[in-house]
Amino acid sequence: MPAKPPRIVVVGSANTDLVVRCPRIPPPGETVLGGDLLQAPGGKGANQAVAAARLGAAVTFVARLGADAFGAAARAGYERDGIDTAHCRTDPAAPSGVALILVDDAGENAIAVAPGANARLSPADIDAAATAIRAADLLVLQLEVPLATVAHAARIARNAGVTVLLDPAPVPDGGLPDEVMAVVDVLKPNEAEAARLTGTAPGDEAVAAAAARALLARGPHLVVVTRGAAGALVADRDGAVAVPPFPVAAVDTTAAGDAFTAALAVGLAERQTPGEAARRAAAAGALAATRAGAQPSLPSRAEWEAFLAASAVSGLRPAAGR
Ligand code: ADP
């Protein structure tokens, strides 16, 4: 691990996941009896902040929490992971973000998200954190908070020469505006998101490579497409390489993408090549897939290094397609 941890600022959502396992997901008007309520911290922004901190970065998380027990528990959790929460603002008027999740015996789920305070993260909140953003090695963004806020944060980073990494989830109706794409350095969609952003259907490696090329033409200089159990694909102006998956017994892939994003951010901030950063990110994603839940499944730096050391080094190879 480098002597000086990379500085990463994450701007994004904080949720509490309330999960009930039930034999089947009830249709409208029906009640089912399920197992005990499981409460766990989640939200893409918070997952990525926690993952980056566990993987060795010095992390500042910019978010809005509600003035309620969920918000207090979430903040305490971030602080246990060593995250700077000075810019996790407590909103006096909105509840904390919550995801209500039903999981049935087949592993199928149904989810309703109440964004609460996340929907009120504002450009002014970003201005309050501007000093931290300008001092960072890398800014990490996703799209569970207002797009205007995301765009504002990206512009502040861009103007200060700070690398901007956007995980474009969820893809907004109407896609991503050109003015946002223009201030993104690294775009990290999964293959469904890459397809939606390019108005194509998800397909094989060659299809993902074509989508990555189309996205590169819109501004980012690096596009990394994750492909679940098939691994990932890294594309820049010199071409595309495929990143093989690390074979694991997947239990729950919740937050695998968030672990990947955070690990990619840490690797790039530590000045690894994009291919090597993505290869190591695939290991972090695979590790997160071996455990249940969002933040509880995120690996530590020691675990990540041990897993990488124990895995046969599978090399990168040129991606299929043109
Ligand atoms: P998302 O959760 O955003 O849809 P993916 O499912 O593509 O993201 O997973 C992100 C990364 O995590 C993948 O690129 C891969 O490296 C790793 N990963 C996810 N699922 C598995 C799996 N079943 N086996 C091995 N690696 C996995």
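Heads up: the structure comes first, above all this text.
These lines cover the structure that appears in this document, whether it is placed above or below. Bear in mind that the values here come from a model prediction, so they are computed numbers and not experimental data. (Residues numbered from 1 in each chain as written. Predicted model: local features only at pLDDT ≥ 70, side-chain atom pairs only at ≥ 80, totals over all residues. Heavy atoms only, no water.)

1. Let's talk about the sheet that holds strand β9 (residues 163-166)
At step 1: Spatial strand order, β5-β4-β1-β8-β9-β10-β11-β12-β13-β14: ten strands in an open sheet with mixed pairing. Edge strands, defined here as strands with exactly one partner in the open sheet, are β5 (88-91) and β14 (317-318).
At step 2: With four bridges joining them, strand β8 (residues 138-141) and β9 adopt parallel strand pairing. Residue Val 140 lies in a different strand from β9, and its bridge partner there is Leu 165.
At step 3: Contacting β1 (7-11), β4 (58-66) and β8, helix α1 (residues 44-54) crosses the sheet at an angle of about 155° to β4. (Pairing = 2+ DSSP bridges. Helix = DSSP H or I, 4+ residues; strand = E, 2+ residues; numbered from the N terminus. Contact = heavy atoms within 4.5 Å. Axes fitted to C-alpha atoms, helices over the stretch in contact; angles between N-to-C directions.)

2. Examining the pattern of salt bridges
At step 1: On inspection of all chains with the given rule, the structure shows 19 salt bridges.
At step 2: For Arg 301, the salt bridge is made with Glu 270, and the minimal N-O distance between the two is 3.0 Å. Placement of the pair is Arg 301 in helix α11 (residues 301-310) and Glu 270 in the loop between α9 (256-269) and α10 (274-289), with a sequence separation of 31 residues.
At step 3: A salt bridge links Glu 276 to Arg 279; the shortest N-O distance between them is 3.0 Å. (Salt bridge = Lys/Arg side-chain N within 4 Å of Asp/Glu carboxyl O.)

3. Things to note about the packing of helix α7 (residues 191-198) against helix α8 (residues 205-216)
At step 1: Their axes nearest at 9 Å, the elements α7 and α8 cross at an angle of 55°. One way to sum up the angle between α7 and α8 is to call them oblique. The interaxial crossing formed by α7 with α8 has left-handed handedness. On α8, the residues that touch Ala 194, Leu 197 and Thr 198 of α7 are Ala 211, Ala 214 and Leu 215.
At step 2: Here the contact of α7 with α8 is built from residues that sort into five nonpolar, one polar and no charged. (Parallel < 35°, antiparallel > 145°, perpendicular 65-115°, else oblique. Left-handed = near helix turned anticlockwise from the far one by under 90°. Nonpolar A, V, L, I, M, F, W, Y, C, P; charged D, E, K, R; others polar.)

4. Brief notes about the side chain of Lys 188
At step 1: With respect to the helices and strands, Lys 188 occurs in the loop between β10 (186-187) and α7.
At step 2: Residue classification places Lys 188 among the buried positions, given a relative accessible area of 2%.
At step 3: A polar side-chain atom of Lys 188 sits 3.1 Å from a polar atom in the side chain of Thr 261. (Buried < 20%, exposed > 50% of the residue type's maximum accessible area, 1.4 Å probe, protein only. Polar contact = N/O pair within 3.5 Å; in protein donor to acceptor, adjacent residues only side chain to side chain.)

5. Side note on α10
At step 1: Taking 1.5 Å of rise per residue, the 16 residues of α10 would be expected to cover 22 Å, and the 22 Å separating its terminal C-alpha atoms lies within 8% of that figure.
At step 2: Taking burial as the measure, the 16 residues of α10 include 14 buried ones, the bulk of the element. (Expected span 1.5 Å × (residues − 1).)

6. Remarks on the packing of α10 against α11
At step 1: Packing of α10 against α11 brings their axes to within 10 Å, and their N-to-C directions diverge by 110°. Taken together, the axis directions place α10 and α11 in an arrangement best described as roughly perpendicular. For α10 against α11, the interelement crossing comes out right-handed. Residues Arg 279, Arg 280, Ala 283, Ala 284, Ala 286 and Leu 287 of α10 form the contact with α11, whose participating residues are Arg 301, Glu 303, Trp 304, Glu 305, Phe 307 and Leu 308.

7. Remarks on the site of the ligand
At step 1: Contacts to the ligand come from 16 residues, most closely from Asn 190, Thr 226, Gly 228, Gly 231 and Phe 246.
At step 2: In this structure, an oxygen atom belonging to the ligand sits 2.8 Å away from a main-chain N or O atom of Gly 228.
At step 3: Gly 231 places a polar main-chain atom, nitrogen or oxygen, 2.9 Å from an oxygen atom of the ligand.
At step 4: For the shell around the ligand, a count of residues per class yields eight nonpolar, seven polar and one charged. (Near = heavy atom within 4 Å.)

8. Some words on the side chain of Glu 205
At step 1: Take Glu 205: it is sitting in helix α8.
At step 2: A polar contact of 2.9 Å, which involves the side chain of Glu 205, links it to the side chain of Arg 317.

9. With respect to the pairing of strand β6 (residues 97-104)
At step 1: In terms of burial, β6 is largely enclosed, as six of its eight residues are buried.
At step 2: The pairing of strand β2 (residues 15-22) with β6 spans eight bridges and is parallel. Residue pairing for β6: Asp 17 is matched across the bridge by Ala 99.
At step 3: As judged from the six bridges shared by β6 and strand β7 (residues 109-114), these two strands associate in the antiparallel manner. Bridged to Val 98 within β7 is Ala 114.
At step 4: Here β6 hands over to β7 after four residues, with Gly 107 in that stretch at a positive phi of 85°.

10. Some remarks on the packing of aromatic side chains
At step 1: Scanning the entire structure with this criterion turns up two aromatic pairs.
At step 2: Taken together, a centroid distance of 5.3 Å and an interplanar angle of 85° make the contact between Phe 61 and Tyr 78 edge-to-face. Placement of the pair is Phe 61 in strand β4 and Tyr 78 in helix α2 (residues 69-80), with a sequence separation of 17 residues. Pair check on accessibility: Phe 61 and Tyr 78 agree, each one buried.
At step 3: Plain terms: the ring middles of Phe 246 and Phe 307 are 5.7 Å apart, the flat faces sit at 45° to each other, and that makes the pair tilted. Here Phe 307 lies in helix α11 and Phe 246 lies in the loop between β13 (239-243) and α9, a separation of 61 residues in the sequence. There is no split in this pair, since Phe 246 and Phe 307 are both buried.
At step 4: A cation sits over an aromatic face here: Arg 280 above Trp 304, 4.5 Å from the ring centre. (Phe/Tyr/Trp six-rings, centres within 6.5 Å; stacked < 30°, edge-to-face > 60°. Lys NZ or Arg CZ within 6 Å of the ring centre and 35° of its normal.)

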